[in-house]
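# Breakdown of the fold
Here are the chains, one letter per residue:
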Amino acid sequence: MAETGDQGSADQAGWDGLPSMLDAPESEALIVDVEGFEGPLDLLLSLSRTQKVDLMRISVLQLAEQYLVFVERARALRLELAADYLVMAAWLAYLKSRLLLPPDPSDDGPSAADLAAHLAFQLERLGAMRDAAAKLMARDQKGRDFFARGAPETVTRLAHRRFDASLLDLMRAYARIKTRDEFRPYAFDRIDEFTMEEALERLRRLIGFGGDWADLTSFLPQGWDASPMRRRAALAAHFAASLEMAKQGQVTLRQAAIFAPIQIRAKDTP
Amino acid sequence: MNDDLDPDDLRPIQRAPREETLFAAPPMGDQERMVEAVLFAASEPVSIAELASRMPHGCDPAEALAHLRRRYEGRGVALVRVGDAWAFRTAPDLGYLMQKEVTETRKLSRAAIETLAIIAYHQPVTRAEIEEIRGVAVSRGTIDQLLEMEWIRLGRRRMTPGRPATFVVTEAFLDHFGLDSARDLPGLRELRAAGLLDNRPLPGNIARPDDDDAEDIGQSELFEE
Amino acid sequence: MNDDLDPDDLRPIQRAPREETLFAAPPMGDQERMVEAVLFAASEPVSIAELASRMPHGCDPAEALAHLRRRYEGRGVALVRVGDAWAFRTAPDLGYLMQKEVTETRKLSRAAIETLAIIAYHQPVTRAEIEEIRGVAVSRGTIDQLLEMEWIRLGRRRMTPGRPATFVVTEAFLDHFGLDSARDLPGLRELRAAGLLDNRPLPGNIARPDDDDAEDIGQSELFEE
């Protein structure tokens with residue numbers, strides 16, 4: 001730590017004068033220097049070091065005056081001071097007046113001496129932490145003074161994977177499958193169905209061979225006249241197909257009477 | 001061993017030259033400590049030349065190594081030679097300590113749990129039947145996993161063309177799920193009563209048959225605690 | 001979930017239970033070798049629990065460690081304690097031999113160093129307390145940097161209004177600075193005796209100025225046991 005040299009600047013300043021940074025000619029440099037202090041407490045700690053006494057026996061009154069002079073000088077130089085420096089200045093001005101005036105017996109708040117003692121405590125504590133930080137950083141450090149194993153061996157993990165499921169998981173899974181089934185989109189079961197396309201293809205193939213009139217029912221495929229349902233499906237498909245072919249001029253249809261068998265014949269090609 | 005006296009010797013330097021120095025070399029015990037520390041911290045095996053260059057003048061790393069090697073004889077780590085260099089290595093008989101056994105528990109995949117559920121509810125059931133019920137192919141890995149867990153086993157072959165194998169659940173399965181027999185699995189009616197069948201999207205929302213994933217998210221979120 | 005399973009079965013085994021086994025534990029000499037091998041192979045400190053989990057049943061890694069520590073006294077590498085764990089480290093007096101291995105650590109700012117020290121000495125400590133001690137706001141970046149280096153971590157929340165987070169130092173911090181535990185921080189006892197680790201509020205701000213109860217928050221956890 002201590003790369004900022006706070007102690008040095010305060011020491012050079014002496015009590016009479018101010019920290020040397022305020023004597024710097026360039027105001028920009030001044031800003032940088034003030035920023036070298038980490039807040040008003042840090043500045044106070046630096047100022048207090050000029051008293052060269054134990055922090056617990058420091059003259060808080062003297063310190064307050066030093067600080068206030070510092071702030072005044074900074075203002076005279078039109079130096080931008082952060083708000084917390086000004087808050088501290090106000091508080092120290094108050095403390096200074098309390099320390100100088102005889103105690104007010106009607107005031108039941110903390111005494112000026114208590115406040116001063118607390119400030120001294122804060123400074124001592126901050127100073128102690130500074131020293132502790134320095135001692136810490138002065139210790140042997142890994143990677144600088146002592147070293148870990150340079151070629152560590154990797155520990156291979158033998159992972160035994162275990163899979164698990166609860167009865168609830170099982171039931172949910174089954175419920176999920178069943179739910180899916182019930183909501184399958186509706187579709188025909190096409191077992192007993194004969195499409196017109198099939199019949200059309202079939203008729204076109206067969207009609208060429210029959211040069212004479214033939215019953216439409218004689219064109220039905222094998223196995224499609226066993227059950228009435230299948231027979232109806234096939235007949236309807238073939239009837240629709242024959243109409244389509246008649247429309248295209250490929251066949252001629254005739255029926256002797258209502259409900260009489262429908263007959264079909266290939267049309268003579270011109 | 002007087003390599004340093006032979007100018008024609010082009011082999012890599014095996015040991016530090018024994019030249020007279022103004023300063024006495026450190027005691028051999030200290031040299032041993034130095035070699036020990038350097039070899040410990042090095043990420044690669046270190047040659048004697050390298051040791052010599054790091055240690056103070058007048059040291060004899062070869063001799064220090066010899067001492068150190070004897071010191072580590074029979075210990076948990078051994079000083080071993082790797083080419084021209086030296087390194088610490090775990091004693092070969094302790095290699096098993098470099099393994100760490102971990103047991104991870106994972107949830108069964110959705111495919112596996114569904115397949116398992118179908119086998120449990122429909123056993124004995126063939127793979128083709130499982131696929132028909134699930135509506136998707138069942139991967140070999142899923143069946144294998146369940147077989148390996150010993151939650152399912154092969155049942156009798158079905159007496160149909162191709163004589164397909166059937167799957168049934170095992171005692172271990174019943175044991176794990178706390179069932180006396182597969183017949184104790186709750187039926188559809190009970191699933192419904194338990195609310196497991198009612199948490200489904202409205203029919204209008206599942207118009208597309210391949211909307212499987214969306215449905216799945218809905219389901220799992222409803223059930224996760 | 002999985003109410004029907006024993007949750008204890010699902011966690012990875014952390015250490016071998018110290019129960020009577022049918023097999024006798026290996027002789028202490030062998031256990032010492034095992035600990036030596038495991039610690040030599042690891043770059044990070046290894047806890048006693050971890051050692052136990054990797055050694056055969058019935059072993060006593062703590063005793064083996066004690067033997068091993070004596071064996072390495074005064075050697076080039078030393079067995080050091082880091083919190084609850086143990087590691088081999090090169091002897092600090094030999095650091096000059098390891099220039100090749102030196103790792104450049106990022107230079108910490110003065111603010112970061114002070115913040116680190118305050119956390120170490122006052123832990124568990126809140127951000128507001130750090131600011132109170134330093135008399136200045138602690139930037140997010142400073143805390144982040146220390147967190148990122150894994151020298152500090154979040155501790156338990158303080159049971160005060162707002163339940164602020166606290167910071168504590170880590171094992172990596174102890175390891176880096178060669179500390180057995182946070183109790184071994186330099187000058188800790190003296191600072192504590194001088195009352196400089198007390199969290200003393202500004203008089204008049206909280207109840208009566210000499211309200212002792214409010215003070216003893218800092219470092220209290222370190223001195224339990």
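The text that follows walks through the structure, step by step, so that each part is easy to find. Given the structure is predicted, the values throughout are model-derived calculations rather than measurements.

### Remarks on the overall build of chain A
The helix and strand inventory of chain A stands at 9 helices and 4 strands. Written out in order from the N terminus, the α and β elements of chain A read α-α-α-α-α-α-β-α-α-β-α-β-β. Taken over 270 residues, chain A has a buried fraction of 38%. Counting contacts in chain A only where the partners sit at least 6 residues apart, residues at least 24 apart contribute 59% of the total. Taken as a whole, chain A presents about 15200 Å² of accessible surface, with 55% of it coming from carbon and sulfur.

### Details of the interface of chain A and chain C
Taken together, the contact between chain A and chain C spans 47 residues of the former and 57 residues of the latter. Taken over both partners, the interface formed by chain A and chain C buries close to 4500 Å², and the fraction arising from carbon and sulfur atoms is 60%. Counting across the interface, chain A meets chain C through 5 salt bridges. When the shortest N-O distance is used, the salt bridge between Arg125(A) and Glu132(C) registers 3.4 Å. Applying the counting rule to chain A against chain C returns 15 residue pairs in polar contact (both at pLDDT 80 or more). Mapped by element, the contributors of at least two residues to the side of chain A that touches chain C are helix 3 (40-49), helix 6 (112-138), strand 1 (156-164) and helix 7 (167-182) of chain A. In terms of residues, the side of chain A that touches chain C owes the most to one element, helix 6 of chain A, which gives 16 residues.

### Things to note about the nonpolar core
Core analysis: the biggest nonpolar cluster contains 50 residues, and Leu39(B), Phe88(B), Leu39(C) and Phe88(C) have the highest contact counts within it. Leaving out residues up to four positions away in the same chain, Phe88(B) has contacts with Arg149(A), Glu36(B), Leu39(B), Phe40(B), Leu68(B), Tyr72(B), Val77(B), Ala78(B), Leu79(B) and Phe40(C). Among the nonpolar cores identified, the runner-up in size contains 38 residues, and Met137(A), Ile130(C), Leu196(C) and Leu197(C) belong to it.

### Let's talk about the pattern of salt bridges
All told, the structure shown has 33 salt bridges over all chains when counted by the stated rule. In this structure, Asp169(A) engages Lys107(B) in a salt bridge whose closest nitrogen and oxygen atoms are separated by 2.8 Å. Residue Asp169(A) is found in helix 7, and its partner Lys107(B) is found in strand 4 (residues 99-107); the two belong to separate chains. A salt bridge links Arg54(B) to Glu101(C); the shortest N-O distance between them is 3.0 Å. Placement of Arg54(B) in helix 2 (residues 48-54) and of Glu101(C) in the loop between strand 3 (85-90) and helix 4 (110-122) is noted, with the two residues assigned to different chains. Both residues of the pair, Arg54(B) and Glu101(C), count as buried. Counted as one network, the salt bridges with shared partners bring together Glu38(A), Asp42(A), Arg130(A), Arg110(C), Glu114(C) and Arg134(C).

### What about the sheet that holds strand 7 (residues 166-169) of chain B?
All names here are of chain B. With respect to topology, 3 strands assemble into an open sheet ordered 5-7-6, the strand pairing being antiparallel. Both edges of this open sheet fall to strand 5 (125-126) and strand 6 (152-154), since each of them pairs with a single strand only. Of the strand pairs in this sheet, strand 6 and strand 7 are connected by 3 bridges, and their pairing is antiparallel. Among the inter-strand pairings, Arg 153 is bridged to a residue of strand 7, identified as Val 168. On the sheet, helix 6 (residues 140-148) packs against strand 6 and strand 7 and is oriented at approximately 105° with respect to strand 6.

### Side note on the environment of Met149(B)
Topologically, Met149(B) is positioned in the loop between helix 6 and strand 6. Separated by 23 residues in the primary sequence, Met149(B) and Ala172(B) place their C-alpha atoms 8.8 Å from one another. Ignoring anything within four residues of it in the chain, the contact list for Met149(B) reads Phe163(A), Asp164(A) and Leu108(B).

### Structural notes on the packing of helix 5 (residues 83-100) of chain A against helix 6 of chain A
Residues and elements named next belong to chain A. Packing of helix 5 against helix 6 brings their axes to within 9 Å, and their N-to-C directions diverge by 135°. Relative to helix 6, helix 5 is oriented oblique. Helix 6 is crossed by helix 5, and the crossing has left-handed handedness. Across from Trp 91, Leu 92, Tyr 94, Leu 95, Arg 98 and Leu 99 in helix 5, the residues of helix 6 making contact are Ala 112, Ala 113, Leu 115, Ala 116 and Leu 119. The residue makeup of the contact of helix 5 with helix 6, split by class, is 10 nonpolar, no polar and 1 charged.

### Let's talk about the interface of chain B and chain C
With 37 residues of chain B in contact, the opposing surface of chain C contributes 36 residues. Taken together, both faces of the contact between chain B and chain C bury some 3100 Å²; the carbon and sulfur share is 55%. Contact with chain C buries surface across chain B, with Arg33(B), Phe40(B) and Arg75(B) losing the most and accounting together for 23% of the total. Our enumeration of links across chain B and chain C arrives at 8 salt bridges. Here Arg75(B) ties to Glu36(C) by a salt bridge, and the two come within 3.1 Å at their closest N and O atoms.

The rules we used
- Residues numbered from 1 in each chain as written.
- Chains lettered and ligands numbered in written order.
- Predicted model: local features only at pLDDT ≥ 70, side-chain atom pairs only at ≥ 80, totals over all residues.
- Heavy atoms only, no water.
- Helix = DSSP H or I, 4+ residues; strand = E, 2+ residues; numbered from the N terminus.
- Buried < 20%, exposed > 50% of the residue type's maximum accessible area, 1.4 Å probe, protein only.
- Contact = heavy atoms within 4.5 Å.
- Areas by Shrake-Rupley, 256 points an atom, 1.4 Å probe, with all protein chains shown as cover.
- Buried area = accessible area lost by both parts, 1.4 Å probe.
- Salt bridge = Lys/Arg side-chain N within 4 Å of Asp/Glu carboxyl O.
- Polar contact = N/O pair within 3.5 Å; in protein donor to acceptor, adjacent residues only side chain to side chain.
- Core = buried A, V, L, I, M, F, W, Y, C linked by side-chain atoms within 4.5 Å.
- Pairing = 2+ DSSP bridges.
- Axes fitted to C-alpha atoms, helices over the stretch in contact; angles between N-to-C directions.
- Parallel < 35°, antiparallel > 145°, perpendicular 65-115°, else oblique.
- Left-handed = near helix turned anticlockwise from the far one by under 90°.
- Nonpolar A, V, L, I, M, F, W, Y, C, P; charged D, E, K, R; others polar.

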